[in-house]
Amino acid sequence: MNLRTRPWNRVPQPVYSLSTFHQETINMNICTYVTPITMNPKQYLIGVYHNTQTFTSFQKTGQGLLQTLTVPQSHLIRPLGQKSGKTFDKHMYLEKKTQWYHNLAYLPQSLSLIHLT
């Protein structure tokens, strides 16, 4: 075990990506703070930073796709989680990697999808 790895970077739960689409632009980020909070209706609590493209897009459209990433998708964590959609063209990066569901882009290799409103 690498003891120099920060504990908060050793995620013991699934890693999610939240996909949003606003003004003809695909955006995805990485969400590690996702918690189901009710059973019926099914509701989730998702931590999203203020002043991000994801926050702005979700606030404007009121919808997104929460997708559970798989181990083979781990290479996406840096471009989706450490680069801002305000300064990095995630739309161009993701355009050929995605498919569409309810007018939202998703990564077809994802383990699961949850349409959020």
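The sections below set out a description of the structure shown in this document. (Residues numbered from 1 in each chain as written. Predicted model: local features only at pLDDT ≥ 70, side-chain atom pairs only at ≥ 80, totals over all residues. Heavy atoms only, no water.)

Another aspect to go through is the overall build of the protein. Per the secondary structure count, the protein includes three helices and eight strands. Sequence-ordered secondary structure for the protein, helices as α and strands as β, is β-β-β-β-α-β-α-α-β-β-β. Its C-alpha radius of gyration of 14 Å places the protein within 12% of the 13 Å reference for a compact globule of 117 residues. For the protein, the spread of C-alpha atoms along the three principal axes comes to 45 × 35 × 30 Å. Considering the protein as a whole, with its 117 residues, one finds that 32% of them fall into the buried category. Taking all contacts inside the protein whose residues are at least 6 apart in sequence as the whole, residues at least 24 apart take part in 63%. (Helix = DSSP H or I, 4+ residues; strand = E, 2+ residues; numbered from the N terminus. Rg over C-alpha atoms; globule rule 2.2 N^0.38 Å. Buried < 20%, exposed > 50% of the residue type's maximum accessible area, 1.4 Å probe, protein only. Contact = heavy atoms within 4.5 Å.)

With that settled, the discussion passes to the sheet that holds strand S1 (residues 16-22). Strand order in the open sheet formed by four strands is S2-S1-S5-S8, and the pairing between neighbours is antiparallel. Looking along the sheet, the strands with just one partner apiece sit at the ends: strand S2 (25-31) and strand S8 (112-116). Neighbour-to-neighbour, the strand axes of the sheet open up by a mean angle of 25°, direction not taken into account. Examined bridge by bridge, S1 and S2 share seven bridges and lie antiparallel to one another. Across the sheet, residue Leu18 finds its bridge partner in S2, namely Asn29. Along the sheet, helix H1 (residues 53-61) contacts S1, S2, strand S5 (64-68) and S8; its crossing angle with S1, the most-contacted strand, is approximately 60°. (Pairing = 2+ DSSP bridges. Axes fitted to C-alpha atoms, helices over the stretch in contact; angles between N-to-C directions.)

Ile26, Met28, Ile30, Leu69, Leu80, Leu94 and Leu107 are the most contacted members of the largest nonpolar core, which has 14 residues in total. Those elements giving two or more residues to this core turn out to be S2 and strand S7 (104-106). Every residue in contact with Ile30, bar those within four places of it in the chain, is listed here: Val15, Tyr16, Ser17, Leu69, Leu76, Ile77, Leu80 and Gly81. If you look at the next biggest cluster of nonpolar residues, it comprises six residues, including Leu18, Cys31, Val34 and Leu66. (Core = buried A, V, L, I, M, F, W, Y, C linked by side-chain atoms within 4.5 Å.)

With respect to the helices, strands and loops of the structure, Lys90 is situated in helix H3 (residues 90-94). Despite its burial, Lys90 pairs with no opposite charge, the nearest such side chain being Asp89 at 10 Å. From its side chain, Lys90 meets the backbone oxygen of Met28 in a polar contact 2.8 Å long. A distance of 2.8 Å separates a polar side-chain atom of Lys90 from the backbone oxygen of Leu80. Look past the residues within four positions of Lys90 in its chain and what remains in contact with it is Ile26, Asn27, Met28, Asn29, Pro79, Leu80, Lys83, Ser84 and Gly85. (Lys, Arg positive; Asp, Glu negative; His and termini not counted. Salt bridge = Lys/Arg side-chain N within 4 Å of Asp/Glu carboxyl O. Polar contact = N/O pair within 3.5 Å; in protein donor to acceptor, adjacent residues only side chain to side chain.)

Taken together, the four bridges between strand S3 (residues 34-38) and strand S4 (residues 43-46) define a ladder with antiparallel strand orientation. Paired with Thr35 across the two strands is Leu45, which belongs to S4. Taking the residues that link successive antiparallel strands as the turn, the S3-S4 hairpin has four residues.

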